[in-house]
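The residues making up each chain are set out below.
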Amino acid sequence: MPTHIIGGGLAGLSAAVALTKAGRPVLLYEAGPQAGGRCRSYDDRELGCRIDNGNHLLLSGNAAALDYLSAIGARGTLGGPGAPFFPFMDLASGQRWTLRPSAGRLPFWVFSPSRRVPGTRAADYLSLLPLLRANGAEVLEDLLPNGTLRRNLLEPLAVSALNTPPREARAALMAAVMRETLMRGGSACVPLFPRQSLAETLVEPALRWLQGRGATIYLGRRVTDLSIVDDRIASFGTTPSRVTLGPHDAVILAAPPWVAADFLPGLVAPDNFQAIMNLHFGIEPASMPPEIARAGFVGLVGGTSEWVFLKHRHLSVTISAANRFLDTPPEELAATVWPEVCSALGILNDMPRLRVIKEKRATFAATPSQDSRRPSASTRFCNLFLAGDWTNTGLPATIEGAIRSGGTAADLIVRPR
Ligand SMILES: Cc1cc2nc3c(=O)[nH]c(=O)nc-3n(C[C@H](O)[C@H](O)[C@H](O)COP(=O)(O)OP(=O)(O)OC[C@H]3O[C@@H](n4cnc5c(N)ncnc54)[C@H](O)[C@@H]3O)c2cc1C
């Protein structure tokens, strides 16, 4: 009784890993020439090196993501500063600081001026309590305290976690992220990212692990439709042929929400998205502030760039909630971003070779109304389950949410309720 998984992003791959671990046969159909979906890497001719579609940061509190990496033997491919350590710079004032949450649940770090955001007091951090209690349709704008803590920490964290401007973003989703990371203390906030590339950490080890255990992976095989008979999926089309399901076969649909809505008329799913821009610059600077060299990245406030990551033979800049830049020509955006990178790293270089990747539908917009459109993993069809960061995981669209969603769908098949 095989499970057919449609979509080879992290949700599909994690479902495949969970089912294979449970001894279930798996066939995975991915439309693209490579797996990974929104977490992918490729050799870029212009820059002459391998780049990721965009920078992806995990935190040590992302338990499902770390379990997945351990299962596929890729936990050791993650790098990072090895401690809760977040260098920041204010591009407007030139001020630098490093946020260093203390390890345990008790937030001793907020009492230490050298560990917290400069210009904030310990009492300011109490203003996070209403945000942590958010569970309705409140937006972040209404619950974020005004002042330095908001500008120099909460907004940058919220925009990168939710990929949505605070005036629109559902506060409860941020609260969920904070409960699993910052509120568990620094030991759940250690930044982690692939040492080489997304593919080497999250995708290729999974494919090797799955294929080594008998799973069938079809790349370049787009699923075209689902055929429904009574309360079950009876067959589905793929680019070369049709697959007819046996009486005990199951399907996990782990494709994006617009594909799922197309296959399943009447499905309510997120239909509004936010972009992420990544600007990759072909330069590996010889020197930089030691905190940035140690962390491998720096957070920026007061400008356009939000995060700069140091990569193999290039630097990579992220701008989230970036629908506002969709029509900006890449060179124009780079002309704003490159001087910011130079200030942050303390370098004086002409703009190097450049690749701009605009992910137009990087994530669903994490607004209260979009969040209310997220379906659960089980469907009204007895052999069809949904997975993807856009399903109702309780988290914003993240690697952790995507991987958890794959596990949930697999679990419904292995342990039917
Ligand atoms: C630039 C960028 C930066 C990000 N940064 C972070 C970060 O720092 N931290 C973090 O946690 N998250 C981050 N994310 C979010 C994270 O990448 C996603 O949440 C996650 O990758 C979603 O995985 P998924 O499997 O749900 O969806 P997808 O990756 O979209 O996978 C769906 C797959 O289905 C395939 N497919 C589509 N149609 C069909 C079809 N008809 N037949 C077969 N296959 C089909 C697609 O090709 C794709 O491979 C970022 C996303 C982007 C774009």
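Before reading on, note that the structure itself is shown above.
Worth saying up front: this structure is predicted, and the values here are computed from it rather than measured.

About the thresholds
Residues numbered from 1 in each chain as written. Predicted model: local features only at pLDDT ≥ 70, side-chain atom pairs only at ≥ 80, totals over all residues. Heavy atoms only, no water. Disulfide = S-S within 2.5 Å. Buried < 20%, exposed > 50% of the residue type's maximum accessible area, 1.4 Å probe, protein only. 1 Å grid on protein atoms, 1.4 Å probe; cavity = no way out; pocket = protein on both sides within 12 Å on 5 of 7 lines; lining within 4 Å. Points joined across faces, edges and corners; volume = space filled by probe spheres on them. Helix = DSSP H or I, 4+ residues; strand = E, 2+ residues; numbered from the N terminus. Nonpolar A, V, L, I, M, F, W, Y, C, P; charged D, E, K, R; others polar. Contact = heavy atoms within 4.5 Å. Expected span 1.5 Å × (residues − 1). Bend = angle between axes of the 7 residues up to and from the residue. Salt bridge = Lys/Arg side-chain N within 4 Å of Asp/Glu carboxyl O. Core = buried A, V, L, I, M, F, W, Y, C linked by side-chain atoms within 4.5 Å. Patch = residues over 30% accessible without salt bridge, like charges linked within 9 Å, V, L, I, M, F, W, Y side chains within 5 Å. Areas by Shrake-Rupley, 256 points an atom, 1.4 Å probe, with all protein chains shown as cover. Near = heavy atom within 4 Å. Polar contact = N/O pair within 3.5 Å; in protein donor to acceptor, adjacent residues only side chain to side chain. Phe/Tyr/Trp six-rings, centres within 6.5 Å; stacked < 30°, edge-to-face > 60°. Lys NZ or Arg CZ within 6 Å of the ring centre and 35° of its normal. Pairing = 2+ DSSP bridges.

J.: I would appreciate a short explanation of the state of the cysteines in the present structure.
T.: Disulfide: a covalent bond connecting the sulfur atoms of a pair of cysteines. Applying the stated criterion across every chain yields a total of zero disulfides. Counting only cysteine sulfurs, Cys49 is the nearest neighbor of Cys39, a cysteine outside any disulfide, at a range of 18 Å. A relative accessible area of 4% places Cys39 in the buried class.

J.: So what exactly am I meant to see when it comes to the layout of surface pockets here?
T.: Which parts of space are left empty comes out when a probe the size of a water molecule is rolled across the atoms. Taken as a whole, the second largest pocket spans an internal volume of roughly 420 Å³. What lines the second largest pocket is a set of 21 residues, among which Glu155, Val159, Gly303, Glu306 and Arg324 lie closest to the centre. At the level of secondary structure, the elements contributing two or more residues to the lining of the second largest pocket comprise helix 5 (148–162) and strand 16 (297–301). Per-element accounting of the lining of the second largest pocket gives the leading share, four residues, to helix 5. Considering only residue class, the lining of the second largest pocket consists of eight nonpolar, six polar and seven charged.

J.: Looking at this structure, how should I read the environment of Cys39?
T.: Mapped onto the elements, Cys39 comes out in the loop between strand 2 (26–30) and strand 3 (41–44). Each C-alpha atom, one on Cys39 and one on Ala397, is 12 Å from the other, the two residues being 358 residues apart in sequence. Once residues within four sequence positions are removed from consideration, Cys39 is found in contact with Leu10, Asn53, His56, Leu198, Leu202, Val203 and Ile399.

J.: Could you clarify how one ought to interpret helix 10 (residues 330–345) in this entry?
T.: It helps to recall that an α-helix has 3.6 residues per turn; residues three or four apart then point in one direction. With 16 residues, helix 10 should cover 22 Å at 1.5 Å per step; its first-to-last C-alpha distance of 22 Å lies within 8% of that length. At Thr336, helix 10 is bent by approximately 25°, the largest bend along its length, and proline Pro339 sits one to four residues beyond. Within helix 10, burial applies to Leu333, Ala334, Val337, Trp338, Glu340, Val341, Cys342, Ala344 and Leu345. Downstream of helix 10 by one or two residues, Gly346 has phi in the positive range, about 70°.

J.: How do you make sense of the pattern of salt bridges when you look at a structure like this?
T.: Two side chains that carry opposite charge are able to pair once their charged atoms sit near each other. Using the criterion set out here, one finds 19 salt bridges in the structure. Between Arg167 and Glu168 there is a salt bridge; the shortest N-O distance is 3.7 Å. Here Arg167 falls in the exposed class, since its relative accessible area comes to 55%. Residue classification places Glu168 among the partly exposed residues on the basis of a relative accessible area of 29%. With its nearest N and O atoms 2.9 Å apart, the salt bridge here joins Glu400 to Arg404. Within this pair, Glu400 and its partner Arg404 are both found in helix 12 (residues 399–414), separated by four residues, close to a single helical turn. Three or more residues are tied together by salt bridges with common partners; here these are Asp43, Arg50, Glu200 and Glu204.

J.: Sorry, what's going on with the nonpolar core here?
T.: Nonpolar side chains in soluble globular proteins tend to be buried together. In this structure, Leu140, Leu226 and Leu253 are the most contacted members of the largest nonpolar core, which totals 61 residues. Beyond its immediate stretch of four places on either side in the chain, Leu226 contacts Ile6, Ile233, Ser235, Phe236, Leu253, Phe263, Leu264 and Leu384. Formed by 44 residues, the second largest nonpolar core is a distinct cluster that contains Ala11, Leu66, Leu210 and Ala387.

J.: Explanation requested: a nonpolar patch on the surface in the structure shown.
T.: On the surface, a cluster of nonpolar side chains totalling about 390 Å² of accessible area is made up of Leu106, Phe108 and Phe111. Summarising the element assignment, Phe108 is placed in the loop between strand 8 (96–99) and helix 3 (129–132).

J.: I'm lost on the site of the ligand in this one. Help?
T.: Near the ligand, the surroundings consist of 35 residues, among which Glu30, His56, Leu57, Asp389 and Ile399 are the closest. At 3.1 Å from an oxygen atom of the ligand is found a main-chain nitrogen or oxygen belonging to Leu10. Between the ligand and the protein, one listed contact pairs an oxygen atom with a backbone N or O atom of Arg38 at 2.8 Å. Burial of the ligand by the protein amounts to 91% of the accessible area it has alone, namely 1000 Å².

J.: Please explain the packing of aromatic side chains as it appears in this structure.
T.: The geometry of an aromatic ring pair comes down to the distance between the two centres and the angle between the two planes. On inspection of all chains with the given rule, the structure shows 12 aromatic pairs. Measuring from centroid to centroid gives 5.6 Å for Phe88 and Trp307, while their planes differ by 55°, and the two rings are tilted. Pair noted here: Phe88 is in strand 7 (residues 86–90) and Trp307 is in strand 17 (residues 307–311), with a separation of 219 residues, a long-range link. Of the two residues, Phe88 and Trp307, neither departs from the other in class, the shared state being buried. Look at Trp109 and Tyr125: their rings are 5.5 Å apart centre to centre, the planes differ by 80°, and that puts the pair in the edge-to-face class. Of the two residues, Trp109 is situated in the loop between strand 8 and helix 3 and Tyr125 in the loop between strand 8 and helix 3; the sequence distance between them amounts to 16 residues. You can call Trp109 buried: its relative accessible area is 5%. The side chain of Arg221 reaches across the aromatic face of Tyr218, ending 4.0 Å from its centre. The side chain of Arg361 reaches across the aromatic face of Trp258, ending 3.6 Å from its centre.

J.: Can you help me understand the sheet that holds strand 6 (residues 78–79) in this one?
T.: Strand pairing within a sheet occurs via backbone hydrogen bonds; the two strands may be parallel or antiparallel. Strand order in this open sheet of three strands is 5-9-6, and the pairing throughout is antiparallel. Each edge of the sheet is formed by a strand with only one pairing partner; in this case those strands are strand 5 (58–59) and strand 6. Across two bridges, the pairing between strand 6 and strand 9 (residues 191–194) is antiparallel. The residue of strand 9 that forms the bridge with Leu78 is Pro194.

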